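Here is what each chain is made of, one letter per residue.
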Amino acid sequence: MMPISRTTPNDQNGMALLAAMITVMVVSLLASSALWLQSRHFEVESAIRQRQQAQWLLTGALDWSRVILREDARSSTTDTLVEPWAVPLQEAKLSSFLRSQSNATTSSANESEQDENLTDQVFLSGQITDLQSKLNFYNLFLAANTNEANLAPLNANGATPNTSSTANAFNTTGATNSNGNSNSNAPQGAMLSFIRLFEVLNLPLAELQSVNAQLRLLSQSAIRGASNSSSTALNNNLSSATFLMPQRFEQLSWLGLSESSIRRLLPHATWLPFASTLNLNTASAEVLYASLPGLDLSDAQRLVKARENKPWQNMDQFKSVLSAQNKSLALNDSKYQLASRFFEVKGQLRIGNTTITEKSVLLRDNATVQVIWRDKGSAVRFLDSTSP
């Protein structure tokens, strides 16, 4: 007969203690896991709430920019760099904007203190830029099927020619050949302006040639797609033609511009899906030099200096300044203006560890200011090496 094992009280106490320890460990693991999940959900909800709040505040800042531009249109017929819209907003606490309105609110003291503590954690910065102070690549697209878009061949290795060879190859100093006759193949208009801009910025003209070739293909595709339309309807149907057109300036990399060239061109060139004129009151010296053949860069810099002291109110004043510098240029008033319709608004909002950046393009038509498009996040930061 097998002996029967008997459990002593000490053995029972040990098993109970072991079971209790295992139970405590399991409960601790479950509790710590629940606390971690709760804290994780709290962080996610806080980030989502901060991002939504930032987006709403940026929408308010955009509306504020629209009000500024609308009031500017009512008070002035020209746009200059000395007007309120042209002053960039450096990063500042949101409370600094709202504190002046604190006496007009009817909220309690406790609520006001809570609101002020919240706005002290929010930092806002932004800037309004005149897009018509830049050369528009879309104008190059519209001119793609004319003689002014023709490019002479580059050097055999595709490198940028030197100054003298560039003048001979691209005829940037005039539109006449060696016999003094008009050269119909010489670059003119939009193409000549971009050639001069690339030269003054020391950018490779091979990239401009690539962009021009791609724009010519796109233009020809648009014409074939609208072959049954009249010439007037064609201009209206360009945007609806079935081909891939850039919609943002950075998308010109599709057509052959390098990222470094895009960054270098950013202060001086843009892409608007509309034909646009150049605002002589806001254009940089480089853009003035590029768009006004017959001017040297030093002449353009003197124009900018004179403009700082007294912005031009009409084209006659601008022409008189040119005459004072012994410069007589044949200006096409349909290509130059002293007022603008297209503006870019860049805004950045920081709440704690959350930073939201947004860029918008506005079209101002008299007293109406509408948003053409809005971008935010990494797509905006791609180009904003000098973002506010």
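Predicted model, so just to flag it, every value in this text is computed and none were measured.

Enquirer: For the overall build of the chain, give the residues involved together with the corresponding values.
Expert: A count of helical and extended segments in the chain gives 13 helices and nine strands. Per element, the accessible surface of the chain, about 21900 Å² overall, is 52% carbon and sulfur.

Enquirer: Can you break down the pattern of salt bridges residue by residue, with the values?
Expert: Applying the stated rule across the entire model yields eleven salt bridges. The partner of R364 in a salt bridge is D72, and the shortest N-O contact between them spans 3.1 Å. With R364 in strand 8 (residues 354–365) and D72 in helix 1 (residues 9–75), this pair connects stretches of sequence that are 292 residues apart. Here R364 matches D72 in class, with each residue buried. Through salt bridges with shared partners, a single ionic network connects D72, D79 and R364.

Enquirer: Describe helix 11 (residues 297–309), listing the residues and the values that go with them.
Expert: Taking 1.5 Å per residue as the helical rise, helix 11 with its 13 residues ought to reach 18 Å, and the 19 Å between its terminal C-alpha atoms agrees with that figure. Those residues of helix 11 that sit buried are D299, A300, L303, V304 and R307. Viewed along the axis of helix 11, the buried residues span an arc of 145 degrees, placing them on a single side of the element. Exposed side of helix 11, more than 90 degrees from the buried face: K305 and N309 are the residues found there. In this structure, the buried side of helix 11 is in contact with helix 10 (285–291) and helix 12 (315–324).

Enquirer: Lay out the nonpolar core in plain terms, naming residues and giving numbers.
Expert: One finds F137, F198, F249, L265, W271, L280 and F318 to be the most contacted residues of the largest nonpolar core, which totals 49 residues. For this core, the elements supplying multiple residues, two or more each, are helix 4 (137–142), helix 6 (189–200), helix 7 (205–225), helix 9 (259–265), helix 10, helix 11 and helix 12. Examining the composition of this core, we find that six residues originate from one element, helix 6, more than from any other.

Enquirer: Can you explain unusual backbone geometry? Please cite residues and give values.
Expert: Even without being glycine, N202 reaches a positive phi, approximately 60 degrees. With respect to the helices, strands and loops of the structure, N202 is situated in the loop between helix 6 and helix 7. The residue N366 is not glycine, and still its phi comes out positive at about 60 degrees. Positionally, N366 belongs in the loop between strand 8 and strand 9 (368–376).

Enquirer: Give a description of the pairing of strand 8 that names residues and reports values.
Expert: Extensive coverage of strand 8 is indicated by the burial of ten of its twelve residues. As paired elements, strand 7 (residues 342–351) and strand 8 share ten bridges and run antiparallel to each other. In the sheet register, I351 faces strand 8, and the bridge partner there is T354. The antiparallel pairing of strand 7 with strand 8 creates a hairpin that spans two residues between the two strands, and G352 there sits at a positive phi of about 60 degrees.

Enquirer: I'd like a description of the confidence of the model for the chain, backed by residues and values.
Expert: In the predicted model, the chain carries a mean pLDDT of 77, and 70% of its residues have values of at least 70. Here residues 147–186 is a poorly scored stretch, pLDDT under 50, and it has 71 contacts once near neighbours within four places are set aside; other chains count. In this model residues 237–242 is a low-confidence stretch, pLDDT under 50, and it forms seven contacts with partners more than four residues away in sequence or in other chains.

Enquirer: Can you lay out a nonpolar patch on the surface for me, pointing to particular residues and giving the numbers?
Expert: Together, L18, I22, M25, V26, L29 and L30 make up an exposed nonpolar region whose accessible area comes to about 580 Å². Considering the arrangement of structural elements, one finds M25 in helix 1.

Enquirer: Kindly report on the packing of aromatic side chains, identifying the contributing residues and their values.
Expert: In the structure shown here, the tally under the stated rule is seven aromatic pairs. Ring centres 6.3 Å apart and planes at 45 degrees place the aromatic pair F137 and F249 in the tilted group. You can see F137 sitting in helix 4 and its partner F249 sitting in the loop between helix 8 (231–237) and helix 9, a full 112 residues away along the chain. For the pair F137 and F249, one class covers both residues: buried. Taking 5.3 Å as the distance between ring centres and 40 degrees as the angle between the ring planes, the aromatic pair formed by Y138 and F141 counts as tilted. Here F141 and Y138 lie together in helix 4, a separation of three residues that amounts to about one turn. Pairwise contacts between aromatic rings join F137, F194 and F249 into one cluster. Cation over ring: R196 sits above Y289, and NZ or CZ is 4.1 Å from the ring centre.

Basis of the calculations
Residues numbered from 1 in each chain as written. Predicted model: local features only at pLDDT ≥ 70, side-chain atom pairs only at ≥ 80, totals over all residues. Heavy atoms only, no water. Helix = DSSP H or I, 4+ residues; strand = E, 2+ residues; numbered from the N terminus. Areas by Shrake-Rupley, 256 points an atom, 1.4 Å probe, with all protein chains shown as cover. Salt bridge = Lys/Arg side-chain N within 4 Å of Asp/Glu carboxyl O. Buried < 20%, exposed > 50% of the residue type's maximum accessible area, 1.4 Å probe, protein only. Expected span 1.5 Å × (residues − 1). Arc of directions from axis to C-beta. Contact = heavy atoms within 4.5 Å. Core = buried A, V, L, I, M, F, W, Y, C linked by side-chain atoms within 4.5 Å. Pairing = 2+ DSSP bridges. pLDDT = per-residue confidence, 0-100. Patch = residues over 30% accessible without salt bridge, like charges linked within 9 Å, V, L, I, M, F, W, Y side chains within 5 Å. Phe/Tyr/Trp six-rings, centres within 6.5 Å; stacked < 30°, edge-to-face > 60°. Lys NZ or Arg CZ within 6 Å of the ring centre and 35° of its normal.

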